[in-house]
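Given next are the chains, with one letter for each unit.
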Amino acid sequence: MKMRKSVWKRALALVCACVVLITPVLGAYGDGCEAGEMPIPGCEAAYVVELTSGTVVYSNRAHEKMYPASTTKLMTALLAAEYVESGAGNLSDVIIFSEEAVYGIPRDTMHINISVGEKLTVEQVLYAILLPSANEACLGMAEYVAGDIESFIAKMNDRAAELGMTNTHYVTANGLHDEEHYTTAYDMSLLMQEVLGHEILVRVMSTANYVLPETNMSAARSLTNTNKCILSENEYYNPHVVCGKTGYTTPAGNTLVTYSEVEDQKYITVLLKANQGMTFSSTDKLMDYFAENVRLTKVENLIDFAVSVPVEGESSVIMVQPAVSFSMLTHVTDDYNTYRKEYSLKESVTLPVYAGDAIGTLYLYDGETLVASVSMVSRANYGVADVTTGPVSTDGSSSGEGTDITGDEPQQTEQPSTQKPQDSTQTTADPEERHASFGKVLVRVLVILLLCVVACVLIYAVLLVVSITSYNKKKKKRRESSGDSEKK
């Protein structure tokens, strides 16, 4: 009995080992938290967008007017960088600080004690503006770029309008409080996107500490970045945060705009009107969450999203699919094929239709979150004489638009289709593709069957070896017993 139990235990262990070998491994992530458990920023208004996919990860009162405080300095620095890059100025140009610049701010606000007549280079002034947030440095820069502070503020408002910051109005160059000086979290994200296009600004904002050299009127000064998320010795340090700008006034509360990189994901995070420390802790927790639970998924199998559109006056249809491969933000455990598809398509088309002709737009939603928006185009030529039809190219060279995501849900310019979005299993694959898909499934089934056969043969071999061994032992024992009897 003991031998039989041992044999079966060994056989069961072998079966379990075989099952492990042919079962897909399921990866774990983070501490097992769900997508809905994303940390909620501790502030009154917030906007978080992933730039590669265009996914708005979080939005709360993002279009409500708020006071920006010193995040205003992002616009001041942007105009300075653009002035230099236009060829009108140079980073080595010297700014001589006027009395209006030095004494144009209350002395109980943030400054680095610049004196009237002190000389600093444009680059040094940028460090003073973006690291310790020196208010008088902004006024000196304004005079350098525009001749006087009032003209510079006019340029700030003009540039905001050009960037689509429709709910922003500037009164000061440094963000000191004024009832008519306001912005929104969404508008600040637009500004930050533009700032990121200037290497000098990213370099300065990502600097933790900078020594301002000795000037004609001052000894060297040490400048420390007010953004605690990039200070390695600080409790709020997060390695994913690349750069950003802080702000604070009593009416504005604490404000913070940051740019972060989590592998191939790129986030702009705007937090307005928060209590002390909440902007840093919220940004820190958000980036950790994205690193553990979120991935950027590239969609290349466009046929999964193909649907049909009727031909005007005929019983036939044409097939449309996404114009190009596209990326979307997904939770690590998600299958994007389960996301809700909404199609805004023409109700019907008139032939001829050429491969790549724009027919509408596909919107993909994870719950209520828009994770992707892409132009839908004709998959082939239809009603075109003497032209070989074929699927539209997926390399981005078709005449249709590419991915169309701006951060907010796009306006639908096409007339919504009366048909319900079709599931990818209902329609679109042609016979060759269906045969190819069936072939792949058949191969997988055959491989699994082969593994099962191998497992059974191994089990049988083990059982056979065990049985033969047991038999030989018993036979030997009987012989020994018989020999002992004969001797007696």
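Residues numbered from 1 in each chain as written. Predicted model: local features only at pLDDT ≥ 70, side-chain atom pairs only at ≥ 80, totals over all residues. Heavy atoms only, no water.

Chemist: Honestly, helix 4 (residues 122-130) in this entry has me stumped. Any pointers?
Modeler: Every α-helix carries 3.6 residues per turn, so stepping three or four residues along brings you back to the same face. In terms of burial, helix 4 is a largely internal element, eight of the nine residues being buried. Residues of helix 4 that are buried: Val122, Gln124, Val125, Leu126, Tyr127, Ala128, Ile129 and Leu130. (Buried < 20%, exposed > 50% of the residue type's maximum accessible area, 1.4 Å probe, protein only. Helix = DSSP H or I, 4+ residues; strand = E, 2+ residues; numbered from the N terminus.)

Chemist: Quick question: what am I supposed to make of the packing of helix 2 (residues 73-85) against helix 5 (residues 135-146) here?
Modeler: When two helices pack together, their arrangement is given by the angle between the helix axes and the distance between those axes. Running from N to C, helix 2 and helix 5 point in directions that differ by 35°, and their axes come no closer than 10 Å. Here the hand of the crossing between helix 2 and helix 5 comes out left-handed. Within the contact between the two elements, helix 2 uses Lys73, Thr76, Leu79, Ala80 and Tyr83 and helix 5 uses Asn135, Cys138, Met141, Tyr144 and Val145. Residue classes in the contact of helix 2 with helix 5 are distributed as seven nonpolar, two polar and one charged. (Axes fitted to C-alpha atoms, helices over the stretch in contact; angles between N-to-C directions. Left-handed = near helix turned anticlockwise from the far one by under 90°. Contact = heavy atoms within 4.5 Å. Nonpolar A, V, L, I, M, F, W, Y, C, P; charged D, E, K, R; others polar.)

Chemist: Quick question: what am I supposed to make of the pairing of strand 11 (residues 307-310) here?
Modeler: Across a regular strand the side chains alternate sides, sitting on one face of the sheet and then on the other. With four bridges connecting them, strand 11 and strand 12 (residues 317-322) associate as antiparallel partners. The partner of Ser308 across the bridge, within strand 12, is Met319. If you look at the hairpin formed by strand 11 and strand 12, you'll find six residues sitting between the two strands, and Gly313 has a positive phi there, around 75°. (Pairing = 2+ DSSP bridges.)

Chemist: I tried to follow helix 5 on my own but got confused; where do I start?
Modeler: With twelve residues, helix 5 should reach 16 Å at 1.5 Å per residue; the first-to-last C-alpha distance of 17 Å fits that figure. Counting buried residues in helix 5 gives eleven out of twelve residues, a clear majority hidden from the surface. Those residues of helix 5 lying buried are Asn135, Glu136, Ala137, Cys138, Leu139, Gly140, Met141, Ala142, Glu143, Tyr144 and Val145. One or two positions beyond helix 5, positive phi appears at Gly147, with a value near 95°. (Expected span 1.5 Å × (residues − 1).)

Chemist: Can you walk me through unusual backbone geometry in this structure?
Modeler: Most of the time, phi is negative for any residue but glycine, and the peptide bond is trans. Residue Pro352 follows Leu351 across a cis peptide bond; omega there is 5°. Topologically, Pro352 is positioned in the loop between strand 14 (340-345) and strand 15 (358-366). A positive phi is found at Asn113, a non-glycine position, where the angle reads about 65°. Structurally, the position occupied by Asn113 is in the loop between helix 3 (99-103) and strand 4 (119-121). With a relative accessible area of 49%, Asn113 lands in the partly exposed category.

Chemist: For this particular structure, what's the right way to read the nonpolar core?
Modeler: In globular proteins that are soluble, nonpolar side chains generally tend to be buried together. Residues Met75, Met141, Leu191 and Met192 are the most contacted members of the largest nonpolar core, which totals 69 residues. With eight residues, helix 2 is the largest single contributor of residues to this core. If we ignore the near neighbours within four places in the chain, the residues touching Met141 are Ala80, Ile95, Val122, Val125, Leu126 and Ile129. Core analysis: the second largest hydrophobic core is formed by 26 residues, Phe305, Val307, Met319 and Leu362 among them. (Core = buried A, V, L, I, M, F, W, Y, C linked by side-chain atoms within 4.5 Å.)

Chemist: Explain the packing of helix 2 against helix 4 to me, please; I cannot follow it from the model alone.
Modeler: Contact pair helix 2 / helix 4: the axes reach a minimum separation of 10 Å and the direction vectors enclose 165°. Taken together, the axes of helix 2 and helix 4 lie roughly antiparallel to each other. Viewed along their axes, helix 2 and helix 4 form a crossing whose handedness is left-handed. For the pair formed by helix 2 and helix 4, the contact residues are Lys73, Thr76, Ala77, Ala80 and Val84 on the first element and Val122, Leu126, Ile129 and Leu130 on the second. (Parallel < 35°, antiparallel > 145°, perpendicular 65-115°, else oblique.)

Chemist: Teacher, can you tell me more about the sheet that holds strand 9 (residues 265-274) here?
Modeler: Note: strands within a sheet are paired through backbone hydrogen bonds, in either parallel or antiparallel orientation. Spatial strand order, 2-1-9-8-7: five strands in an open sheet with antiparallel pairing. The open sheet has two edge strands with one neighbour each: strand 2 (55-60) and strand 7 (241-249). Here the strands of the sheet are splayed against their neighbours by 5° on average, with no regard to which way each runs. Where helix 9 (residues 278-293) meets the sheet, it contacts strand 1 (43-50), strand 2, strand 7, strand 8 (253-262) and strand 9, and its direction lies at approximately 155° from that of strand 9.

Chemist: Explanation requested: the pattern of salt bridges in the structure shown.
Modeler: Any two side chains of opposite charge can pair, on the condition that their charged atoms come close. All told, the structure shown has ten salt bridges when counted by the stated rule. Here Arg159 ties to Glu194 by a salt bridge, and the two come within 3.2 Å at their closest N and O atoms. Remark: Glu194 occurs in helix 7 (residues 185-195) and Arg159 occurs in helix 6 (residues 149-162); sequence separation between them is 35 residues. Among the residues examined, Arg159 registers a relative accessible area of 14% and is labelled buried. Note that Glu199 is salt-bridged to Arg203, the shortest N-O span being 3.3 Å. Note that Glu199 and Arg203 are positioned in helix 8 (residues 199-205) at a spacing of four residues, about one turn of the helix. For Glu199, a relative accessible area of 52% gives the class exposed. Here the salt bridges do not stand alone but share partners, grouping Glu82, Arg159, Glu162 and Glu194 into one network. (Salt bridge = Lys/Arg side-chain N within 4 Å of Asp/Glu carboxyl O.)

Chemist: What am I meant to see in the packing of aromatic side chains here?
Modeler: For any two aromatic rings, the description comes down to two numbers: the centre-to-centre distance and the angle of the planes. Following the criterion strictly, the structure yields eight aromatic pairs and no others. Aromatic side chains Tyr289 and Phe290 sit 6.0 Å apart centroid to centroid with 70° between the ring planes, which places their arrangement in the edge-to-face category. In this structure Phe290 comes out as buried when scored by relative accessible area, which is 1%. Pairing Phe305 with Tyr336 gives two aromatic rings, centres 6.1 Å apart and planes at 20°, and the pair type is stacked. (Phe/Tyr/Trp six-rings, centres within 6.5 Å; stacked < 30°, edge-to-face > 60°.)

Note that all results are geometric; they support no functional claim without further evidence.
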